[in-house]
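Here is how the chains run, residue by residue.
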Amino acid sequence: MAVPKRKMGRARTHARRSTNDKIAAPSRSVCPQCGEVKLPHRVCPNCGFYKNREVIETE
């Protein structure tokens, strides 16, 4: 197994991790009923529809 000759600096380690360990923003989809932006595979909080069915009654 390969062993490093010198200790890697903290700044170098953090710089490498900062580019690779970023959390991506959640993807968004558009509700086909009302056109509101919502999370995919979730009930629309605006109209209460999911897969062309009303799941939650809203005003």
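Residues numbered from 1 in each chain as written. Predicted model: local features only at pLDDT ≥ 70, side-chain atom pairs only at ≥ 80, totals over all residues. Heavy atoms only, no water.

Per an unreviewed UniProt entry, the chain goes by Large ribosomal subunit protein bL32 and derives from Eggerthella lenta. Regarding the chain, the relevant UniProt record gives this comment under Sequence similarities (unreviewed entry): "Belongs to the bacterial ribosomal protein bL32 family." (UniProt positions renumbered as here; feature names shortened; annotations may be inferred.)

## Focus on the environment of Ser 29
Tracing the sequence through the fold places Ser 29 in strand E1 (residues 29-30). As a C-alpha pair, Ser 29 and Phe 49 span 20 residues in sequence and 13 Å in three-dimensional space. Excluding its chain neighbours within four sequence positions, the residues that come into contact with Ser 29 are Glu 36, Val 37, Lys 38, Leu 39 and Pro 40. (Helix = DSSP H or I, 4+ residues; strand = E, 2+ residues; numbered from the N terminus. Contact = heavy atoms within 4.5 Å.)

## Notes on the side chain of Lys 38
By secondary structure assignment, the location of Lys 38 is in strand E2 (residues 37-38). With no salt bridge to any partner, buried Lys 38 finds its closest opposite charge in Glu 36, at an N-O distance of 12 Å. A distance of 3.2 Å separates a polar atom in the side chain of Lys 38 from the backbone oxygen of Arg 42. Contact partners of Lys 38, with chain neighbours within four places excluded, come to Arg 28, Ser 29, Cys 31, Cys 44 and Pro 45. (Buried < 20%, exposed > 50% of the residue type's maximum accessible area, 1.4 Å probe, protein only. Lys, Arg positive; Asp, Glu negative; His and termini not counted. Salt bridge = Lys/Arg side-chain N within 4 Å of Asp/Glu carboxyl O. Polar contact = N/O pair within 3.5 Å; in protein donor to acceptor, adjacent residues only side chain to side chain.)

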